[in-house]
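These are the residues of each chain, in order.
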Amino acid sequence: MAKNVEISYNQLFVPLGKNSSITFADGTKVWVNAGTRLVYPTTFVKNQREIYVEGEVFLEVAENVDRPFYVRTQEFEVRVLGTSFGIRAYEDEMEQGVVLVSGKVNVKTKDRQETVLTPNDRYVLQNGKPVVKLVDVYEYISWKDGVLCFERSCIGDILTRLEKYYGVEIDYTSEVKGISCSGKLELKNDLKEVLESLTKTAPIRYESVDNKIKVMKKEKESMK
C-alpha cells in the first residue's frame, strides 16, 4: 500500500446459497462464490491495486504493467499484472489454493516462500508447503458458469461445494466421503435435481431430515 494515503474500503459479503460479480473501475472483473468476503478499496491507489479475499473468487485482471494487482488471503498473496485465475481460500477448509487459467502469477506464503505459476497450474498449501500440479483448470472455476465439473473427485469435496453453493447443510457418512466419481452438475437446477444426478454417477443415496440433507452409501441390493 502507498504510504501516507488514507484509503477507504468497501466490503462485499456473498452469503451461502448466493453468488455475485463485480467490475472495478480499472476493468478487472471478479466472480464471487457463495460464503465469500471480498474487501477492496473505494479507489485503487496510484501505483498498486490490492484486494482481500476470504472464500472463493475467479478474476480477470485488467493488465497494467505500472500497477500490479495483489490478491491477499489469510495464508498467501498473489501478485499479477494481467491474467485470469481462481482462488479458493475458505477459512473452514484445510486446503487453500490458486488455479491459473492464463498469464503468470507469483504466489507468496506468510513465511515468504514464493512460487511462480504458469497456465494450467494448480497451487495448494499442504502442511504449509506449496505443491503445484498440472490440472484441467475448468474443473476448479466452472462454478462461475453455473456448472460443477469434476474428474475423479471425492464425493466429500463435491458435497462441500454444493453445501456452500446452495446454502444447505449436507451431512454424509465416512464411507461416502472418499468415493471417487466424474461428471458434470448443472448448478442452475434445484438441489434435489442435482443430488438425483449425483446418485446416478456414484453409489450414494440421500434423504432430507430436519431441513438437512443426509447422504449415505447405497446398499448393494439397491445398486441397480
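The sections below set out a description of the structure shown in this document. In every chain, residue numbers begin from 1 and rise along the written sequence. Predicted model: local features are reported for residues with pLDDT of at least 70 only, side-chain atom pairs are reported and counted for 80 or more only, and whole-chain, interface and lining totals are derived from all residues. Note that the side-chain values use all heavy atoms of the structure and ignore hydrogens as well as water.

**Description of empty space enclosed by the protein**
As defined here, a cavity is a set of points on a 1 Å grid over the protein atoms alone where a 1.4 Å probe fits but cannot get out. A pocket is an open set with protein on both sides within 12 Å along at least five of seven lines, and residues line them when an atom is within 4 Å of a point. Grid points are joined across faces, edges and corners, and a volume is the space filled by probe spheres set on the points. Applying the stated criterion across every chain yields a total of one cavity of 30 Å³ or more. In this structure, the largest cavity occupies an estimated 80 Å³ of space. Contributing to the lining of the largest cavity are Asn33, Ala34, Glu56, Arg88, Tyr90, Trp143, Leu148, Arg161, Leu162, Lys164, Tyr165 and Leu187.

**What to know about the pattern of salt bridges**
Basic side-chain nitrogens of Lys or Arg form a salt bridge, by our definition, when they fall within 4 Å of a carboxyl oxygen of Asp or Glu. As enumerated under the stated definition, the model contains 17 salt bridges in all. One salt bridge connects Glu93 with Lys164, and the closest N-O pair in it is separated by 3.0 Å. Taken as a pair, Glu93 in the loop between β8 (84–89) and β9 (97–102) and Lys164 in helix α2 (residues 155–166) lie far apart in primary sequence, 71 residues in all. Given the relative accessible area of 15%, Glu93 is considered buried. Its salt-bridge partner being Lys212, residue Asp171 comes within 3.6 Å of it at the nearest N-O pair. A residue pair is termed long-range when its members are at least 10 positions apart, and Asp171 in strand β15 (residues 170–172) and Lys212 in strand β18 (residues 212–217) qualify at 41 residues. By sharing partners, the salt bridges in this structure join Glu56, Arg88, Asp92, Glu93, Arg161 and Lys164 into a single network. Under the DSSP-based scheme used, a helix requires at least four consecutive residues in state H or I and a strand at least two consecutive residues in state E, with every element numbered from the N terminus. Buried residues are those whose accessible area, probed at 1.4 Å on protein chains only, stays under 20% of the maximum for their type, while exposed residues exceed 50% and partly exposed ones sit between those limits.

**Considering the layout of surface pockets**
Considered as a void within the structure, the largest pocket measures approximately 810 Å³ in volume. Contributing to the lining of the largest pocket are 35 residues, with Glu95, Arg122, Tyr140, Asp157 and Arg161 lying nearest its centre. The dominant element in the lining of the largest pocket, judged by the number of residues it contributes, is strand β14 (residues 147–154), at seven residues. Any residue outside Ala, Val, Leu, Ile, Met, Phe, Trp, Tyr, Cys, Pro, Asp, Glu, Lys and Arg is labelled polar, Gly included; the first ten of those are nonpolar and the last four are charged. In terms of residue class, the lining of the largest pocket is built from 17 nonpolar, six polar and twelve charged.

**Structural notes on the packing of α2 against helix α4 (residues 191–201)**
How two helices pack is summed up by the angle between their axes together with the distance between the axes. Contact geometry for α2 and α4: axes closest at 12 Å, N-to-C directions at 170°. By the angle between their directions, the pair α2 and α4 is classed as roughly antiparallel. Residue-level inspection shows Ile155, Ile158, Leu159, Leu162 and Tyr166 of α2 in contact with α4, the latter providing Leu191, Val194, Leu195 and Leu198. Split into classes, the residues belonging to the contact of α2 with α4 amount to nine nonpolar, no polar and no charged. Fitting a line to C-alpha atoms yields each axis, with helices limited to the stretch in contact; the angle taken between N-to-C directions then spans 0 to 180 degrees. Working definition: roughly parallel below 35 degrees, roughly antiparallel above 145 degrees, roughly perpendicular at 65 to 115 degrees, and oblique for all remaining angles. Any two residues whose heavy atoms approach within 4.5 Å at even a single point are treated as in contact.

**Digging into the sheet that holds strand β17 (residues 204–209)**
DSSP-based pairing: two strands are paired if at least 2 bridges between them are found. Ordered by their spatial adjacency, three strands build an open sheet running β15-β18-β17, and the pairing between neighbours is mixed. At either end of the open sheet lies a strand with only one pairing partner, and these are β15 and β17. Here the average twist between neighbouring strands, direction ignored, is 25°. When β17 meets β18, the two strands line up antiparallel, connected through six bridges. Residue pairing across strands places Ser208 opposite Ile213, the latter belonging to β18. Packing against the sheet, α2 makes contact with β15 and β18, and its axis sits at approximately 165° to β15.

**Here we look at α4**
Within the span of α4, buried status applies to Leu191, Val194, Leu195, Leu198 and Thr199. Seen along its axis, α4 keeps its buried residues to an arc of 140°; they face one direction. On the buried face of α4, the contacting elements are β14, α2, β16 (180–186), β17 and β18. Polar contacts, as counted here, are pairs of nitrogen or oxygen atoms within 3.5 Å of one another; within protein the pair requires one atom able to donate a hydrogen and one able to accept it, and residues that are adjacent in sequence qualify only if both atoms are side-chain atoms. With a side-chain oxygen lying 2.8 Å from the backbone nitrogen of Lys192, the N-terminal cap of α4 falls on Asp190. Directions drawn from the helix axis to the C-beta atoms are what define this arc.

**With respect to unusual backbone geometry**
Generally, phi is negative for residues other than glycine and the peptide bonds are trans, each holding for most cases. With phi around 70°, Arg112 is a residue other than glycine that occupies positive phi space. Summarising the element assignment, Arg112 is placed in the loop between β10 (105–109) and β11 (114–117). With a phi angle near 75°, Asn120 is a residue other than glycine that sits in the positive phi range. Among the structural elements, Asn120 can be located in the loop between β11 and β12 (121–126).

**Here's the deal with α2**
Under the 1.5 Å per step criterion, the end-to-end length of α2 is 16 Å for twelve residues, consistent within 8% with the ideal 16 Å. Of all twelve residues in α2, ten are buried, a share of seventy percent or more. Looking at α2, one finds that the buried residues are Ile155, Gly156, Ile158, Leu159, Thr160, Arg161, Leu162, Lys164, Tyr165 and Tyr166. Phi for Gly167, located one or two positions after α2, is positive at around 70°. A helix is expected to span 1.5 Å multiplied by its residue count minus one.

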